[in-house]
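Chain by chain, the residues run as shown.
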Amino acid sequence: DAGVTQSPTHLIKTRGQQVTLRCSPKSGHDTVSWYQQALGQGPQFIFQYYEEEERQRGNFPDRFSGHQFPNYSSELNVNALLLGDSALYLCASSRPPESAEAFFGQGTRLTVV
Amino acid sequence: KNQVEQSPQSLIILEGKNCTLQCNYTVSPFSNLRWYKQDTGRGPVSLTIMTFSENTKSNGRYTATLDADTKQSSLHITASQLSDSASYICVVTTKTSYDKVIFGPGTSLSVIP
C-alpha cells in the first residue's frame, strides 16, 4: 500500500497562471481533504470531497476548486494564481468512522513567482 | 468560534531532556483530539488520538493527556532525540453530521545536541 500520494512534489508557476494538483488516497479510503500550509503555520482546511461531491469547504475563494473521481482520487485546481498562494498543499484521505486516522501525503510545494 | 491554540510557538531543548507542549481548544461539540508530528516539508503523521472519555494515551516516548472539562491537552516528550525536531500539531475534530477538522498552528520543536 503506497499510502497517500501527491503529484507533483514541487511546482513553480507565474502569477496569474492556473495549476492542478493531484492526490491518490490510501487504499480503502473514500474521503479526500485538501489543506494549504503556509511556511511556519498550521494547515488550513480548503475543502473535502466524498462520493465525488464537495462536502464541506473552508474559507477559501472560488479560485480554489476541486474534483473527486470515481476511484476516489482528487484534484485541486487554483486559478489566477497570486503570490500568496505559495504554500505546501497537503492532501489527506480517510474513511468512516470519525475516529479513523486521516493519512496525509507528502504534499506539493507550490511557488508562485 | 471553533479554534485550536498551541503554546509555545517554538521551543529549543537539549537532547535527552523532556518537554511538554500545550493545546487549548474551543471546539464544540468535541469528537476527538489528535497530535500530529510534521517534519519539515512533509505531511503530518498521527502520534495519538483521544476521545472524550480518554485522559491519557502513550505512543513510545510520547504521552498525550486530555482534560475535556477545561478543554486542554498536552503532549509530553520524554528523553528527547534529535529526530524529535519537528512541528507538533494539535488537531480537534467536531462531532457533526460529518467530521470537521480544526488544526492548531503547531509548536516548532528543535532538539539540539
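The coordinates are above.
Residues numbered from 1 in each chain as written. Chains lettered and ligands numbered in written order. Predicted model: local features only at pLDDT ≥ 70, side-chain atom pairs only at ≥ 80, totals over all residues. Heavy atoms only, no water.

1. Details of the overall build of chain A
To keep things clear, this is the line we draw: The helix count covers DSSP runs of H or I at least four residues long, the strand count covers runs of E at least two residues long, and both are numbered beginning at the N terminus. In this treatment the radius of gyration is a C-alpha quantity, and the globule benchmark scales as 2.2 Å times the residue count to the 0.38 power. Exposure classes here rest on a 1.4 Å probe applied to the protein chains alone. A residue is buried below 20% of its type maximum, exposed above 50%, and partly exposed in between. Contacts between residues were defined by any pair of non-hydrogen atoms, one from each residue, lying within 4.5 Å. Computed by Shrake-Rupley with a 1.4 Å probe, the accessible areas treat only the displayed protein chains as cover when residues are assessed. Charge assignment: positive for Lys and Arg, negative for Asp and Glu; neither His nor the chain ends contribute. Note that the charge is assigned to NZ on lysines, CZ on arginines, CG on aspartates and CD on glutamates.
Summing up its helical and strand segments, chain A has zero helices and eleven strands in all. Each helix (α) and strand (β) of chain A, taken in turn from the N terminus, gives the series β-β-β-β-β-β-β-β-β-β-β. Rg of the C-alpha trace for chain A: 13 Å, near the compact-globule value of 13 Å for 113 residues, within the 12% margin. Seen through its C-alpha atoms, chain A measures out along the principal axes to roughly 40 × 25 × 25 Å. Here chain A holds 113 residues, and 47% of them are scored as buried. Across chain A, every contact between residues at least 6 apart in sequence was considered, and the portion connecting residues at least 24 apart equals 52%. About 5400 Å² of surface is accessible on chain A, with carbon and sulfur atoms providing 48% of the total. Across chain A, the 9 positively charged side chains and the 11 negatively charged ones have centroids separated by 10 Å.

2. Topic: the pattern of salt bridges
Here is the rule: Note on definitions: salt bridges are taken to be side-chain nitrogens of Lys or Arg within 4 Å of carboxyl oxygens of Asp or Glu.
Inspection of the entire model under this criterion finds five salt bridges over all chains. With a closest N to O distance of 2.9 Å, R63(A) and D85(A) form a salt bridge. Taken as a pair, R63(A) in the loop between β6 (53–57) and β7 (64–68) and D85(A) in the loop between β8 (74–78) and β9 (87–94) lie far apart in primary sequence, 22 residues in all. Under the relative-accessibility criterion, R63(A) is labelled buried at 19%. Judged by its relative accessible area of 4%, D85(A) falls in the buried class. Here R61(B) ties to D84(B) by a salt bridge, and the two come within 2.8 Å at their closest N and O atoms. One end of the pair, R61(B), is in the loop between β6 (56–59) and β7 (62–67); the other, D84(B), is in the loop between β8 (72–77) and β9 (86–94), with 23 residues separating them in the sequence.

3. What about unusual backbone geometry?
Put simply, S7(A) and P8(A) share a cis peptide bond, and its omega is -10°. Relative to the elements of secondary structure, P8(A) occurs in the loop between β1 (5–7) and β2 (10–13). Cis geometry marks the peptide bond from S7(B) to P8(B); its omega dihedral reads -10°. On the secondary structure map, P8(B) appears in the loop between β1 (4–7) and β2 (10–14). With phi around 65°, E52(A) is a residue other than glycine that occupies positive phi space. The class of E52(A) is partly exposed, set by a relative accessible area of 42%. One non-glycine residue, Y72(A), lies in the positive phi region at around 80°. Mapped onto the elements of the fold, Y72(A) is located in the loop between β7 and β8. Looking at Y72(A), the relative accessible area reads 37%, which means it is partly exposed.

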